[in-house]
Amino acid sequence: MARGKLRIHLGAAPGVGKTYAMLSEAHRRVGRGTDCVVGFVEHHGRPRTEVMLHGLEQVPRRELEYRGGVFPEMDLDAVLARRPQVALVDELAHTNVPGSRNAKRWQDVEELLAAGIDVVSTVNIQHLESLGDVVESITGVRQQETVPDEVVRRADQVELVDMTPEALRRRMAHGNIYQPDKVDAALSNYFRPGNLTALRELALLWVADRVDAYLTQYRSEHRVSKIWGSRERIVVGLTGGPEGRTLIRRGARLAEKGAGGEVLAVYIARSDGLTSASPKELALQRTLVEDLGGTFHHVVGDDIPAALLAFARGVNATQIVLGSSRRKAWQYVFGPGVGATVARDSGPDLDVHIVTHGEVAKGRGLPVARDARLGRSRRAWGWIAGVLGPPLLAALLSAVDLGLANDMLLFLALTVAAALLGGLLPALASAAVGSLLLNYFYTPPLHRWTIADPKNIVAIVIFVSVGVAVASVVDLAARRTHQAARLRAESEILSFLAGNVLRGETGLEDLLERVRETFGMESAALLERASDVEPWTCAGRVGRGRPVERPDEADVDMPVGDHMALALTGRVLPAEDRRVLAAFAAQAAVVLDRRRLQEEADQARTLAEGNRIRTALLAAVSHDLRTPLAGIKAAVTSLRSEDVEWSEEDRAELLEGIEEGADRLDHLVGNLLDMSRLQTGTVTPLIREIDLDEVVPMALGGVPEGSACLDVPETLPMVAVDPGLLERAVANLVENAVKYSPPGAPVLVAASALADRVEVRVVDRGPGVPDEAKERIFEPFQRHGDAPRGAGVGLGLAVARGFAEAMGGTLNAEDTPGGGLTMVLSLRAAASRPEQHPTAEPERQAS
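So, how was this worked out
Residues numbered from 1 in each chain as written. Predicted model: local features only at pLDDT ≥ 70, side-chain atom pairs only at ≥ 80, totals over all residues. Heavy atoms only, no water. Helix = DSSP H or I, 4+ residues; strand = E, 2+ residues; numbered from the N terminus. Buried < 20%, exposed > 50% of the residue type's maximum accessible area, 1.4 Å probe, protein only. Contact = heavy atoms within 4.5 Å. Areas by Shrake-Rupley, 256 points an atom, 1.4 Å probe, with all protein chains shown as cover. Pairing = 2+ DSSP bridges. Axes fitted to C-alpha atoms, helices over the stretch in contact; angles between N-to-C directions. Expected span 1.5 Å × (residues − 1). Salt bridge = Lys/Arg side-chain N within 4 Å of Asp/Glu carboxyl O.

A word on the overall build of the protein
- Within the protein one finds 23 helices and 24 strands.
- Burial status across the protein gives 45% buried among its 847 residues.
- Of the contacts formed within the protein by residues at least 6 apart in sequence, a portion of 72% connects residues at least 24 apart.
- Surface accessibility of the protein: about 43100 Å² in total, with carbon and sulfur atoms responsible for 56%.

Here is the structure:
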């Protein structure tokens, strides 16, 4: 079932006339005979809007009880059961009453569209999800009802309903929007001139971006090569804190400023885990960025600024969006922070935006994991405390006599400090040095390496044992913390990978790029071979590192089965990273198998299509070719009959029938041969530069005189085509148009130039073709509507499109204004128009 089309009337504020415009559109469609119903329209007591509902069929609403009240909502099931061509559904961002099937009205609209029902709806600019923060800063009101931007972007048509702030305020003052008791409050608050002007600017800019998108799509479809503008890639750096949603929305707005903008949200996780991020908050931010049309990336890196800049340069980003630091003022003694470092090291090729938010200077909220393992600097301080600390403490205690017990406690405290800083070995060193100093300086006999009192021996043994025990506990806790954090990071990566497996969203190249990003490698490739004696081949590769042809040439290789391996270049991975890499390698094999199964399915569909064409060809031969043959045979038999004396007039009529049957046979066989050439790919055009007025008039020779008129200006640029293929394509288009044109309405064949293209339009005034059938009429053996069997085998338009595409052109169908169908043949213009035409080569006619 074809998906319905969505048309949205977009306004800057309530009262600009969105609902009125929607109802006016409904009356126009009903006047044209379209089956149009009102699914849900709220007139809000506005008399003119209420009058516009008269004459339109309204589907009864569904009433739901909630908190002691009864609220009307659109009856989605009733609209689906009524199944109109067009349904009017007001207020796209509306939140449904609890108890409804869907939480939001735009979700109801999605169900209607999926059922093949066209929908006309309305929405205000302040209800778009990405503009929530901006609208709140302008009006001071936070919009609770929002609609994802992607829903509005996917609309087939977006019409701006515009009104100046002065006119809107006059409508408000006249009571045409709100009730009289609410007018003064509205005019002095939300409907202030400044607010309305800012909202109007937002709406105009958003629609202007949509116009740019439509223009880009049009140029792509018509192969207009000269396109201005660059694509903006916005990288949003996330920390896992609550400010991430604000940064994502800001990045989305920056991306919308340029044509084809793209948002990439990235979270840099340390290799020791995700101790500084909230998994729940990251999940919410992932959902938000995907709703706004962006992508979420998870990258592992200990140096966060360097990893962020490497990622941005790797994706050719133009801008980076970061939030102001959440650190408190005293924490800046440890360094300038990520934002300042990124801004300093970004260079001239990257713009860095530091965005303020409500969490500035409030602290991170979660403990910051500097390094769960004992890093180099920490171990260095541990060795300093363990080796140099005891002599310094002994020097200090030489001036004070505190007693042996207190001296041992101080040395024990120093050993514990060495254990906390550097772990087991520095603590053992501290215990050893401290015990020797205690023995030499503080246990009788003094200044000798002997101990006279056995109790002092016990005390020193206990001192060493406590130091070793504390150091062991600290070292064990550090290793367990590192293991837990690393497992936590691995579990999130594996969870993301499993989600992609279930959704089937990741392609092979995307998965390899994810592997390269996650492990910080230069390149990633999936190698395979058919058997142990066959050479390795590359099934997919990403990155800029050196190409590898065998797994043993890579820095890291992960086998997948007997004849497949994932090969990475850049650095050697530690053993603990290979667990996650094995999961990625298995997923890569699954993705490759899925792609090959898809290719096999496509081949099966191609074979099925070939079988369908062969079946249709047999039907054409058995009926459409036999009909003119039967007529020719009957006429020839009659002429040869000796029992009947034919008059000259009868003989002429029979000969004319024979000639018409032969012409039909020639046309049908020609189209069948052309279609077979297109199906087998044997059409090789001979492209040369030629004027349209040399070819197009020849294509009109096969239609009755007066049934077509020609308008091809001599000033048109030359086109690069195969003259024979072009003549056959135009002839088929004209013959098809003449067949469906009413008597007295000649077909118009006109040509015009558009940028670096030349368009030939074949315009008829026939019954036209519905939008859902405009592509189907170009399929082989297709007749539209009630065309009689004798009208042909349905190959003319398929052959015309095949010839057009073989010459690098396009052929599409459009509605003729006022009724009918227009075939638009777009051709490449020649690079330049020479002063004199060169001697033309003999034209190769397509047979």
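And the narrative resumes.
Quick look at the pairing of strand β12 (residues 319-323)
- Counting buried positions along β12 gives four out of five residues, so the element sits mostly inside the fold.
- As paired strands, strand β9 (residues 233-238) and β12 are joined by three bridges and run parallel to one another. Its bridge partner being in β12, I234 is matched across the sheet by Q319.
- Where β12 and strand β13 (residues 351-355) come together, five bridges link them in parallel fashion. Its bridge partner lying in β13, Q319 is registered against D351.

Points about the sheet that holds strand β16 (residues 556-559)
- With respect to topology, four strands assemble into an open sheet ordered β15-β14-β17-β16, the strand pairing being antiparallel. In this open sheet, the two edge strands, each paired with only one partner strand, are β15 (537-543) and β16. Neighbour-to-neighbour, the strand axes of the sheet open up by a mean angle of 15 degrees, direction not taken into account.
- Each of β14 (523-528), β15 and β17 (564-569) touches helix α18 (residues 508-519); the most contacted strand, β15, lies at about 55 degrees to it.

Some remarks on the sheet that holds β13
- Taking strand neighbours across the sheet as the criterion, the five strands line up as β11-β10-β9-β12-β13 in an open arrangement whose pairing is parallel. Of all the strands in the sheet, just β11 (295-300) and β13 have a single pairing partner and so form its edges. Adjacent strand axes in the sheet meet at a mean angle of 25 degrees when their direction is disregarded.
- In the packing of helix α10 (residues 244-256) onto the sheet, contacts are made with β9, β10 (262-269), β12 and β13, and the angle to β9 comes to roughly 175 degrees.

A look at helix α16 (residues 424-442)
- For α16, which comprises 19 residues, the first-to-last C-alpha distance of 26 Å matches the rise-based estimate of 27 Å (1.5 Å per residue) to within 8%.
- Every buried residue of α16 is listed here: P426, A427, A429, S430, A431, G434, S435, L437, L438, N439 and Y442.

What about the pattern of salt bridges?
- Per the stated rule, a full pass over the model turns up 31 salt bridges.
- As a salt-bridge pair, E111 and R101 come within 2.5 Å of each other at their nearest N and O atoms. In this pair, E111 sits in helix α4 (residues 105-114) while R101 sits in the loop between β6 (86-89) and α4, placing the two residues ten residues apart along the sequence.
- A relative accessible area of 25% places E111 in the partly exposed class.

Things to note about the pairing of strand β1 (residues 6-11)
- Taken across its six residues, β1 has six buried, putting it largely inside the fold.
- Both faces of β1 are covered, namely the face carrying L6, I8 and L10 and the face carrying R7, H9 and G11.
- Relative to strand β7 (residues 118-124), β1 is paired through six bridges, and the arrangement is parallel. What sits directly across from I8, in β7, is S121.
- With five bridges connecting them, β1 and strand β8 (residues 157-161) associate as parallel partners. From the neighbouring strand, R7 faces β8, where its bridge partner is Q157.

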